[in-house]
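Okay, here's what each chain looks like letter by letter:
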Amino acid sequence: MRVGVRVAQYGSDWPNLRDGALHAESLGFESIWVNDHLCSPGRLADEAAFDAFVTLAALAPQTTRARLGIVVLSAAYRPAPLAAKMATLLDVISDGRLTIGLGTGSHKKEHHAYGFPFGSPHERSAGFEHALDVMRAMFEHPEGANVPGALSDAPNQPPPVQKGGPPIWVAAHKKRLLGIAGAKADGIIAAFVDPDELSRRLEIAREAHAGAGRRRPLECAVYTFALAGSEREQESWLTPEADALGTTPRQLLRWLRTTGLVDSIDGVRERLAALEAVGTSQ
């Protein structure tokens with residue numbers, strides 16, 4: 001298992017975000033991640049929010065080892081050719097350390113706030129597959145990419161540092177998108193899942209992966225949070241956030257237990273090991 005950290009891009013400032021990323025790298029974390037949102041996706045939408053591409057472009061020359069990732073790029077409001085070009089340049093600036101997560105875009109309120117159409121599930125799925133095809137073509141054919149109805153000998157220079165471009169991992173939970181992920185992408189991202197649900201998603205994606213004759217192993221990332229310690233410690237750590245949200249640490253802790261990994265240190269370790277066992281099984 002490789003463990004990464006999403007930096008504090010919401011409700012923070014640049015010095016804290018930057019220093020947190022550099023500290024994570026110094027501690028040995030494998031990767032540093034950002035979300036792709038124009039505003040905070042939580043209940044405090046008006047707090048500071050740092051853009052994914054700009055943030056990683058600023059962190060890339062200040063870090064040296066950790067991989068950099070977006071979890072996940074929104075196909076609904078990022079034009080695919082432009083996203084591919086920006087991702088390629090990030091790969092160049094970071095010397096081949098970029099991973100792209102890709103999703104359909106699911107934050108309806110955010111789309112309406114900024115004037116982006118929020119299509120039907122079918123429309124967003126089609127837009128996601130289109131973005132995946134365009135990005136893959138531009139990564140693999142920097143001399144001039146072609147996608148019917150989208151690209152016509154479109155150059156992508158300088159080319160990505162990583163052969164074939166940055167890995168593309170897909171955030172999906174339904175059968176159709178999991179099938180596309182297995183057949184066309186490099187991995188899947190599963191958010192806030194237990195081992196049984198992770199196993200279900202991987203089974204679908206791996207079947208599609210094998211059917212497509214893909215040689216590169218399908219990777220898997222679990223997106224979650226871990227709050228390890230005694231209940232007294234957990235409530236103490238959550239007090240500032242609970243105050244900002246107008247609730248109590250105990251109520252917030254009760255809700256958090258339904259999503260991420262909230263347990264003792266040994267309990268979190270055991271739950272991570274259970275997820276790892278599913279992710280590494282073939």
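Treat the numbers as computed from the prediction; the structure is a model and nothing was measured.

1. Overview of the overall build of the protein chain
Line of reasoning, step 1. Counting its secondary structure elements, the protein chain contains ten helices and eleven strands.
Line of reasoning, step 2. For the protein chain, the C-alpha radius of gyration of 19 Å lies close to 19 Å, the compact-globule estimate for 282 residues.
Line of reasoning, step 3. For the protein chain, the spread of C-alpha atoms along the three principal axes comes to 60 × 40 × 40 Å.
Line of reasoning, step 4. Classification of the 282 residues of the protein chain by burial places 44% in the buried group.
Line of reasoning, step 5. Intrachain contacts of the protein chain at a sequence separation of at least 6 include 70% that bridge at least 24 residues.

2. A few points about the pattern of salt bridges
Line of reasoning, step 1. Applying the stated criterion to the full structure yields 17 salt bridges.
Line of reasoning, step 2. Glu 219 is paired through a salt bridge with Arg 2; the nearest N and O atoms lie 2.7 Å apart. Residue Glu 219 is located in strand E9 (residues 219–223), and its partner Arg 2 is located in the segment before strand E1 (4–6); the two are separated by 217 residues in the primary sequence.
Line of reasoning, step 3. Residue classification places Arg 2 among the exposed residues on the basis of a relative accessible area of 55%.
Line of reasoning, step 4. For Asp 51, the salt bridge is made with Arg 78, and the minimal N-O distance between the two is 2.7 Å. One end of the pair, Asp 51, is in the loop between strand E2 (31–34) and helix H2 (52–59); the other, Arg 78, is in the loop between strand E3 (67–74) and helix H3 (80–93), with 27 residues separating them in the sequence.
Line of reasoning, step 5. Here Arg 78 falls in the buried class, since its relative accessible area comes to 15%.

3. A short note on unusual backbone geometry
Line of reasoning, step 1. Residue Val 72 is reached from Val 71 by a cis peptide bond, and omega for that bond is -5°.
Line of reasoning, step 2. Looking at the element boundaries, Val 72 is found in strand E3.
Line of reasoning, step 3. Positive phi outside glycine occurs at Asp 95, with the angle close to 60°.
Line of reasoning, step 4. Residue position: Asp 95 is located in the loop between H3 and strand E4 (98–103).
Line of reasoning, step 5. Given a relative accessible area of 60%, Asp 95 falls into the exposed group.
Line of reasoning, step 6. Even without being glycine, Phe 192 reaches a positive phi, approximately 55°.
Line of reasoning, step 7. For Phe 192, the position within the fold is in the loop between strand E8 (187–191) and helix H7 (195–211).
Line of reasoning, step 8. Owing to a relative accessible area of 40%, Phe 192 belongs among the partly exposed residues under this scheme.

4. What about the environment of Leu 17?
Line of reasoning, step 1. As for its position among the elements, Leu 17 is in helix H1 (residues 14–27).
Line of reasoning, step 2. Overall, the relative accessible area of 0% leaves Leu 17 in the buried class.
Line of reasoning, step 3. Expressed as a C-alpha distance, the spacing of Leu 17 and Phe 50, which sit 33 residues apart in the sequence, is 9.1 Å.
Line of reasoning, step 4. Beyond its immediate chain neighbours, meaning those up to four positions away, Leu 17 contacts Val 7, Ala 8, Gln 9, Ser 12, Phe 50, Thr 55 and Leu 59.

5. Looking at the sheet that holds E3
Line of reasoning, step 1. Spatially, seven strands are ordered E1-E2-E3-E4-E7-E8-E9 in an open sheet, and the strand pairing comes out parallel. At either end of the open sheet lies a strand with only one pairing partner, and these are E1 and E9. Across the sheet, the mean angle separating the axes of adjacent strands is 25° when strand polarity is ignored.
Line of reasoning, step 2. Sheet contacts for H7: E8 and E9; angle to E8, the most-contacted strand, approximately 160°.

6. Quick word on the side chain of Ser 125
Line of reasoning, step 1. With respect to the helices and strands, Ser 125 occurs in helix H5 (residues 121–140).
Line of reasoning, step 2. Not counting residues up to four positions away in its chain, the partners in contact with Ser 125 are Thr 104, Arg 176 and Leu 177.

Rules of the game
Within any chain, residue numbers begin from 1 and follow the written order of that chain's sequence. Note on the predicted model: pLDDT of at least 70 is required for a residue's local features to be given, and 80 or more for side-chain atom pairs to be given and counted; whole-chain, interface and lining totals, by contrast, use all residues. Side-chain metrics rest on all non-hydrogen atoms present in the structure, leaving aside hydrogens and water. Numbered from the N terminus, helices here are DSSP runs of H or I no shorter than four residues, and strands are runs of E no shorter than two. As defined in this context, the radius of gyration uses C-alpha atoms, and a globule is described by 2.2 Å times the residue total to the power 0.38. In this scheme, a residue with accessible area under 20% of its type's maximum is buried, one over 50% is exposed, and one in between is partly exposed, where area comes from a 1.4 Å probe on protein chains only. Two residues qualify as a contact provided that any one of their heavy atoms is within 4.5 Å of a heavy atom in the partner residue. Whenever Lys or Arg places a side-chain nitrogen within 4 Å of a carboxyl oxygen from Asp or Glu, that contact is recorded as a salt bridge. When DSSP locates at least two bridges between a pair of strands, those strands are taken to pair. Axes here refer to lines fitted to C-alpha atoms; in helices the fit is confined to the stretch in contact. Angles between the N-to-C directions go from 0 to 180 degrees.

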